Amino acid sequence: MTWFLTGDYNYCYTPFAMAFIIVIREISKIWKFGMTEPDRDYYMKFCKEAREEYEYQYKEFRATGQYTPSVKFEKMQDVGPWVRMEWAEKNALEREISKYDSVVFPARPPEFDEEYYKKEEERKKRRKLKDKGLL
């Protein structure tokens, strides 16, 4: 695996972490330049309410070992992002996305996973031999 080392903090970044930083940068650009003030207010209010409900459910779970499901928020089509349950409280984007059909792809068959793992093991062995200068 490739690692990038910053000079000032000696903190290792994986390529995945670098990609994550790029995604955060793009989301920040959308937030700053691509959204209207009412949209920003909607999402700020949404996040505040969702956080309050999460904190309540977390405390309830810690105290009793179970929690009551949310009455305000749900996962969109059971696989998507969290949205408000009430149709009237959803914004235009959430209403549009909730109209789309969702497709849940089946899991990869186990025989393909075994083949993949065998190839990975062979690749690692070849790499070790190459590093030692035997290949």
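Residues numbered from 1 in each chain as written. Predicted model: local features only at pLDDT ≥ 70, side-chain atom pairs only at ≥ 80, totals over all residues. Heavy atoms only, no water.

1. Some details on the overall build of the protein
Phase 1 of the analysis: From N to C terminus, the protein includes four helices and four strands.
Phase 2 of the analysis: Secondary structure elements in the protein, listed N-terminal to C-terminal, are β-β-α-α-β-β-α-α.
Phase 3 of the analysis: The 135 residues of the protein split such that 12% are buried.
Phase 4 of the analysis: Excluding contacts between residues fewer than 6 apart, the proportion of contacts in the protein whose partners are at least 24 apart in sequence is 22%.
Phase 5 of the analysis: Looking at the protein as shown, the accessible area adds up to about 12,300 Å², and 60% of this sits on carbon and sulfur atoms. (Helix = DSSP H or I, 4+ residues; strand = E, 2+ residues; numbered from the N terminus. Buried < 20%, exposed > 50% of the residue type's maximum accessible area, 1.4 Å probe, protein only. Contact = heavy atoms within 4.5 Å. Areas by Shrake-Rupley, 256 points an atom, 1.4 Å probe, with all protein chains shown as cover.)

2. Observations regarding the packing of aromatic side chains
Phase 1 of the analysis: Applying the stated rule across the entire model yields six aromatic pairs.
Phase 2 of the analysis: Ring geometry for Phe46 versus Phe73: centroids 5.2 Å apart, planes at 85°, classification edge-to-face. With Phe46 in helix α2 (residues 37-64) and Phe73 in strand β3 (residues 73-75), this residue pair connects regions lying 27 residues apart in the sequence.
Phase 3 of the analysis: Judged by its relative accessible area of 10%, Phe46 is buried.
Phase 4 of the analysis: With relative accessibility at 7%, the residue Phe73 sits in the buried group.
Phase 5 of the analysis: Within the aromatic cluster, the residues linked to one another by ring pairs are Tyr42, Tyr43, Phe46 and Phe73. (Phe/Tyr/Trp six-rings, centres within 6.5 Å; stacked < 30°, edge-to-face > 60°.)

3. Concerning the confidence of the model for the protein
Any segment with low pLDDT has predicted coordinates that should not be analysed in fine detail.
Phase 1 of the analysis: On average, residues of the protein carry a pLDDT of 83, and 88% of them reach 70 or more.
Phase 2 of the analysis: Put simply, strand β1 (residues 4-5) is where the protein has its lowest mean pLDDT, 42, and α2 is where it has its highest, 94. (pLDDT = per-residue confidence, 0-100.)

4. Concerning the side chain of Arg84
Phase 1 of the analysis: Here Arg84 is to be found in strand β4 (residues 82-84).
Phase 2 of the analysis: Only 2.6 Å separates the side chain of Arg84 from the side chain of Glu49, close enough to count as a polar contact.
Phase 3 of the analysis: Beyond its immediate chain neighbours, meaning those up to four positions away, Arg84 contacts Tyr42, Lys45, Phe46, Glu49, Lys72, Phe73, Glu74, Glu89 and Lys90. (Polar contact = N/O pair within 3.5 Å; in protein donor to acceptor, adjacent residues only side chain to side chain.)

5. Details of the pattern of salt bridges
Phase 1 of the analysis: Tallied over the full model, the rule gives eight salt bridges.
Phase 2 of the analysis: For Glu49, the salt bridge identified is with Arg84, shortest N-O distance 2.6 Å. Separated by 35 residues along the polypeptide, Glu49 in helix α2 and Arg84 in strand β4 bring together distant segments of the chain. The pair Glu49 / Arg84 is uniform in exposure class, with both members buried. (Salt bridge = Lys/Arg side-chain N within 4 Å of Asp/Glu carboxyl O.)

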